[in-house]
Amino acid sequence: MMICDLCPRNCHAERSGERHGYCGTGALPRIARAALHFDEEPPISGTRGAGTIFFSGCNLRCVFCQNYEISAEGQGKTITPYQLSEEYRRLEALGAQNIEFVTPSHYVNAILESLAAYRPSLPLVWNSSGYEKVETLKQLEGVIDIWLPDFKYSNNSLAAELSNCPNYVETAIAAIGEMLRQQPENVIENGVMKRGVIIRHLVLPSHVRNSLGVLSLIKQHWGAATPISLMAQYMPAGRAAEHPDINRRLTKREYQRVLDKLIELELDGFAQELDASDQKYVPEWDYAAVKDSW
């Protein structure tokens, strides 16, 4: 029996079955895709692609999630921790620059078990929403090489409205602080990140003030040393149509205002082009990339 308090929801769910808890998942990992991914930040994708594993379920409820079919609806294939470790071997053999766990927070126990079975000789990347529990992150100390957290909101009211998460801001600040404690220095060799932290932020239409606040909080808490990945890839997805203010793409003017703030605060990092908001960048959840025998 698994009584789960891995994430800040602390829902005390019994997750030994197939789909339980706020995240909607059981104890065994459920994955929707495991394949080379070339559309991450340049030091993450490198030239050979990130070995990206997309996990089903999520501890947020972002109404605009581009991965809604797997994050909220739970599409995917349930496998064992050993089978997950075999995916690492397969991606490593394909030439992946790293192994990237996407939305993995609710599977910490299974991931640690899988790494005990096989630890690839590649950097491990933790790509998450930023809504993490510090006590859980500490279990990953010495395990994760690269942290790739979102910092979605500077406004808890907006976080509650769009992600059902009224304590997002303080939780993400504490979580990212822990990630930076574990990996305080970015190490990049031949253009490829080996360890460190990159903070991601997705700019939402109609909510430029939220983005300006996020950048200000990053500067306030961590200075200018941590690179920011400023994303323009928003497009209406999931249940965004129920929220008229975000039921459109980002405008050039909105994104430019946020870019100007990034420069004003002397923050470093990466910026996307507006044409990143294209359906072609959303992976197919066909499970074809997951080993057929599972």
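Structural data are supplied above this passage.
Think of each chain on its own: its residues are numbered from 1, step by step along the sequence as written. Where local features are concerned, this predicted model is filtered to residues with pLDDT of at least 70; where side-chain atom pairs are given and counted, the filter is 80 or more; whole-chain, interface and lining totals use all residues. Where side-chain values are given, they derive from all heavy atoms of the structure, hydrogens and water being excluded.

### Section: the overall build of the protein
No. 1: Strands here are runs of E lasting at least two residues and helices are runs of H or I lasting at least four, both read from the DSSP assignment and numbered beginning at the N terminus. Each helix and strand counted, the protein has 9 helices and 13 strands in total.
No. 2: Here the globule rule reads 2.2 Å times residues to the power 0.38, and the radius of gyration is calculated from C-alpha atoms. Relative to the 2.2 N^0.38 estimate, which gives 19 Å for 294 residues, the radius of gyration of the protein is 18 Å and therefore close to what a compact globule would have.
No. 3: Taking the principal axes of the C-alpha coordinates as reference, the protein spans close to 50 × 45 × 35 Å.
No. 4: Across the 294 residues of the protein, 58% fall into the buried class.
No. 5: Put simply, of all contacts in the protein between residues at least 6 apart along the chain, 71% involve residues at least 24 apart. Under the scheme applied here, a residue whose accessible area is under 20% of the maximum for its type counts as buried, over 50% as exposed, and between as partly exposed, the area being computed with a 1.4 Å probe on protein chains only. We call two residues contacting when some pair of their heavy atoms lies within 4.5 Å.

### Examining the packing of aromatic side chains
No. 1: Stacked, tilted and edge-to-face pairs are distinguished by plane angle, under 30 degrees for stacked and over 60 for edge-to-face with tilted covering the rest, among Phe, Tyr and Trp rings (Trp via its six-membered ring) whose centres lie within 6.5 Å. Applying the stated criterion across every chain, the model contains 9 aromatic pairs.
No. 2: With a centroid separation of 6.3 Å and 65° between ring planes, the pair formed by Trp126 and Trp147 is classed as edge-to-face. Taken together, the positions of Trp126 in strand E7 (residues 124–128) and Trp147 in strand E8 (residues 146–149) put the pair 21 residues apart, joining distant regions of the chain. We note that Trp126, like Trp147, is buried.
No. 3: Members of the aromatic cluster, each reached through a chain of ring pairs, are Phe55, Tyr88, Phe101, Tyr107, Trp126 and Trp147.
No. 4: The ring of Tyr22 carries the charged tip of Arg9 above its face, separated from the ring centre by 4.0 Å.
No. 5: Either the NZ atom of lysine or the CZ atom of arginine qualifies as a charge over a ring when it sits within 6 Å of the ring centre and within 35 degrees of the ring normal. Above the plane of the ring of Tyr22 lies Arg61, whose end atom (NZ or CZ) is 4.5 Å from the centre.

### Let's talk about the pattern of salt bridges
Pairs may arise between side chains of opposite charge once their charged atoms sit close together.
No. 1: Here, a salt bridge means any side-chain nitrogen of Lys or Arg that lies within 4 Å of a carboxyl oxygen of Asp or Glu. Under the counting rule described, the total for this entry stands at 11 salt bridges.
No. 2: In this structure, Arg119 and Asp145 form a salt bridge, with 3.2 Å as the shortest nitrogen-oxygen distance. One end of the pair, Arg119, is in the loop between helix H4 (108–117) and E7; the other, Asp145, is in the loop between helix H5 (134–138) and E8, with 26 residues separating them in the sequence.

### Points about the side chain of His207
No. 1: Of note, His207 is situated in the loop between strand E11 (199–202) and helix H8 (208–222).
No. 2: His207 sits in the buried class, given a relative accessible area of 15%.
No. 3: Polar contacts involving the side chain of His207 include one to the side chain of Asp245, which spans 2.8 Å.
No. 4: If we skip the residues at most four places from it in the chain, His207 touches Leu158, Asp245 and Ile246. Any N or O atom pair separated by 3.5 Å or less is treated as a polar contact, with the protein-specific requirement of one donor-capable and one acceptor-capable atom, and with residues adjacent in sequence counted only for side-chain atom pairs.

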